[in-house]
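Spelled out from the first residue to the last, the chains are:
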Amino acid sequence: MKQELYDILRGEVKPALGCTGPIGICYAAAQAKAAVGGTVRSITARMDWGMSAKCDDVGFPGTEYLGVEMALALGAVCGDPKAGLEVLHTVTPEGEREARAVAKDHVTVLPQWQRDNLDIYLDVTVETDQGTGRAVVAHRSDGLVYQEANGQVIFGSLEAIQDVRVPESPIKKYTVKDCFELASTCPLEQLDFLRQARDYNLALANETLQKNLGAGIGAGIYRMAGKDPAGRAKGLAAAGCEARMSGVNLPAMSLANKGNVGIAASLPLVSLAMDEDLPEERLLRAMALSYLVAIMVIHRIGKSPALCSCMVAASLGVAAGTVLLKGGTEAQAETAMQNMVPNVFGVVCDGAKLACALRMASSTGVALDAANLALAGVRIANNQGVLCQTADETIDFLGWMGLHGMVESDRALSRSIFQKRVPLRRFQEAQLQ
């Protein structure tokens, strides 16, 4: 077994309470406030354009209000900086009211349009009655690289702020074949943690199906599917997404710092395994492959990508994972990925919101088609359009385009979204527009 590859998989699967976009903002604000303590008076946040523009339409736990300003205020007033992506587990009604007052008049958001790459960057300063705290988060939603209190460095260095290039990821040296072999041969007890991922994400989906949360996308698709396993897989994935986008106070099991990717890369396989009464071992191995493939793609397109992570990364994982789930070969898994890429290449991320559930359903359906075609011996010819000769070369090409080739288009998209934003709306009011 490739121990490093297993360690990467294990390290990229973490609970996250709320959408990791605004939760990363909450986390940065909580770290800045924790540096000095006291009562929050004002907040100034310099952040990458994606975080500035793409986090205003999604709910997060502890409040019915939306927006970057509310995320900053809630994190600073109520957040637990030691809890990572579960930073909002300490929110109280009194704290939420205090945060709302801060968000209304005392928060300044400064998008960093001049940046030259796509990556998470949050530089938050919090003024309190005890002084000034500052925190810089980069590369990951919970990636603290710098912290200071009243001008004194308490963590990291100024060099860490100046050099925020995307770090090289060790998973890039591994191949799809490596991932398939690990998922197929790893001792089963070492995949026990994936049971928790299944249970967390399934609980989110069931919350939507039982309470008809969100816009009705997941519940609607699930009901319309009847006994069709593919339709039910689409509906279950969408339902998990809707619960999370609605701000339900239940954790998702995130993948590569992204909750929706964790949901999208697991629930279709969970649904198929339940409907077809497949052994748990086969499900866990399929989830491992799906997660590893998604991680490979995420670390190529970036953590604040121009491309939709669910459509582009998680769906490739589901295509490969479905092949393994149904007893297929490594070559068929690569064929499924090649079949998948032309269907999802270029789908841009326009921010977290309920409509992500519809994207998740669509990409699940295409992923299952791609896998089933591969199992039936059908493949798209290599080296045409965005496809290269192998699946590994294709995801390298996909990654370069997503991380470097689409910088200017993502900047323009984010600027346009930011210009029309309406901060501090209630979640339900936003759905009535």
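Anyway, here's the lowdown on the structure attached to this text. (Residues numbered from 1 in each chain as written. Predicted model: local features only at pLDDT ≥ 70, side-chain atom pairs only at ≥ 80, totals over all residues. Heavy atoms only, no water.)

Looking at the overall build of the chain
Counted only if it meets this: The helix count covers DSSP runs of H or I at least four residues long, the strand count covers runs of E at least two residues long, and both are numbered beginning at the N terminus. Radius of gyration here is computed from C-alpha atoms only, and the compact-globule reference equals 2.2 Å multiplied by the residue count raised to the power 0.38. Each residue is assigned to one of three classes by its accessible area relative to the maximum for its type, calculated with a 1.4 Å probe on protein chains only: buried under 20%, partly exposed between the two thresholds, exposed over 50%. By definition, residues are in contact when any of their heavy atoms lie within 4.5 Å. Each accessible area is a Shrake-Rupley estimate made with a 1.4 Å probe; only the visible protein chains count as cover when residues are assessed.
Scanning the chain from N- to C-terminus turns up 19 helices and eight strands. At 21 Å, the chain has a C-alpha radius of gyration in line with the 22 Å of a compact globule built from 433 residues. Counting over 433 residues, the chain shows a buried share of 61%. For the chain, the share of sequence-separated contacts (at least 6 apart) that also reach a separation of at least 24 residues comes to 79%. A total of about 16100 Å² of accessible surface is found on the chain, and carbon and sulfur atoms cover 50% of it.

Examining the sheet that holds strand β5 (residues 131–138)
The criterion, for reference: Two strands form a pair only when DSSP identifies at least two bridges running between them. For helices, the fitted line uses only the C-alpha atoms of the stretch in contact; every axis is such a line through C-alpha atoms, and the angle between N-to-C directions lies from 0 to 180 degrees.
Strand order in the open sheet formed by six strands is β3-β2-β4-β5-β6-β7, and the pairing between neighbours is mixed. Edge positions in the sheet fall to β3 (107–112) and β7 (152–156), since each has one partner strand and no second. Mean inter-strand twist for the sheet, computed between neighbouring axes without regard to direction, equals 15 degrees. Helix α4 (residues 68–78) rests against β2 (40–48), β3 and β4 (121–128) of the sheet, and its axis sits at about 125 degrees to β2.

Remarks on the environment of H139
Keep this limit in mind: Any N or O atom pair separated by 3.5 Å or less is treated as a polar contact, with the protein-specific requirement of one donor-capable and one acceptor-capable atom, and with residues adjacent in sequence counted only for side-chain atom pairs.
Along the chain, the position of H139 falls in the loop between β5 and β6 (144–149). Along the chain, H139 and D119 lie 20 residues apart, while their C-alpha atoms are 5.9 Å from each other. A distance of 2.6 Å separates polar atoms of two side chains, one belonging to H139 and the other to D119.

Details of the pattern of salt bridges
Rules: What counts as a salt bridge is simple: a side-chain nitrogen of Lys or Arg found within 4 Å of a carboxyl oxygen of Asp or Glu.
The tally for this structure, following the rule as stated, stands at 27 salt bridges. Between R232 and D275 there is a salt bridge whose closest N-O contact spans 2.9 Å. A residue pair is termed long-range when its members are at least 10 positions apart, and R232 in helix α10 (residues 229–245) and D275 in helix α12 (residues 267–275) qualify at 43 residues. One continuous salt-bridge network, built from bridges that share partners, spans D192, R195, R198, D199 and E280.

Structural notes on the nonpolar core
The criterion, for reference: The term nonpolar core refers to a set of buried residues drawn from Ala, Val, Leu, Ile, Met, Phe, Trp, Tyr and Cys, joined through side-chain atoms within 4.5 Å.
Formed by 153 residues in total, the largest nonpolar core has its most connected members in I43 and L72. Counting residues per element, this core draws most heavily on helix α13 (residues 280–301), which supplies 15 residues. Residues contacting I43, with those up to four places away along its chain left out, are L72, A73, A76, V102, H106, V107, T108, V124, T125 and V126. Y121, A138, V145 and Y146 belong to the second-largest nonpolar core, a separate cluster that totals five residues.

So, helix α1 (residues 3–11)
Going by this rule: An arc is given here, and it is the one of the directions from the helix axis to the C-beta atoms.
Along α1, the positions that sit buried rather than exposed are L5, Y6, I8 and L9. The arc enclosing the buried residues of α1, seen along the axis, measures out at 155 degrees, which places them on a common side. The secondary structure elements touched by the buried residues of α1 are β1 (13–16), α7 (176–185), α8 (193–211) and α13.

Describing the packing of α13 against helix α14 (residues 309–325)
We count it as follows: We call two directions roughly parallel when the angle between them is under 35 degrees, roughly antiparallel when it is over 145, roughly perpendicular when it lies between 65 and 115, and oblique otherwise. Should the near helix be turned anticlockwise from the far one by less than a right angle, the crossing is termed left-handed; should it be turned clockwise, right-handed. Side-chain classes follow a simple rule in which Ala, Val, Leu, Ile, Met, Phe, Trp, Tyr, Cys and Pro form the nonpolar group, Asp, Glu, Lys and Arg form the charged group, and the remainder, Gly included, forms the polar group.
Interaxial distance between α13 and α14 falls to 7 Å at its minimum, and their mutual angle equals 150 degrees. It follows that α13 is roughly antiparallel to α14 by the angle criterion. Regarding α13 and α14, the two cross each other, and that crossing is right-handed. Together, R282, L283, R285, A286, L289, S290, V293, A294, V297, I298 and I301 of α13 and S309, V312, A313, A314, L316, G317, V318, A320, G321, L324 and L325 of α14 make up the contact between the two elements. Grouping the amino acids of the contact of α13 with α14 by side-chain chemistry returns 16 nonpolar, four polar and two charged.

Focus: the side chain of Q31
Looking at the element boundaries, Q31 is found in helix α2 (residues 20–34). Residues in contact with Q31, not counting those within four places in the same chain, are P81, A135, L144 and Q147.

So, the packing of aromatic side chains
Worth spelling out the cut-off: Geometry of aromatic contacts follows a simple scheme: Phe, Tyr and Trp rings, the Trp one being its six-membered ring, pair when their centres are within 6.5 Å, and the pair is stacked under 30 degrees between planes, edge-to-face over 60, tilted otherwise. In this scheme, Lys NZ or Arg CZ marks a charge over a ring once it lies within 6 Å of the ring centre and within 35 degrees of the ring normal.
What the rule picks out here adds up to three aromatic pairs. Ring geometry for W113 against F418: centres 6.0 Å apart, planes inclined by 80 degrees, an arrangement best described as edge-to-face. Taken together, the positions of W113 in the loop between β3 and β4 and F418 in helix α18 (residues 407–419) put the pair 305 residues apart, joining distant regions of the chain. F418 shares its class with W113; the two are buried. One residue, R415, lies across the ring of W113, its end atom 4.5 Å from the ring centre.

A short note on unusual backbone geometry
Backbone geometry places N212, a non-glycine residue, at a positive phi of 55 degrees. Here N212 lies in the loop between α8 and α9 (217–225). Despite not being glycine, N257 has its phi angle at roughly 75 degrees, a positive value. Within the secondary structure layout, N257 lies in the loop between β8 (252–255) and α11 (259–264).

It is worth stressing that arrangement in space is one thing and function is another; only the former is reported here.
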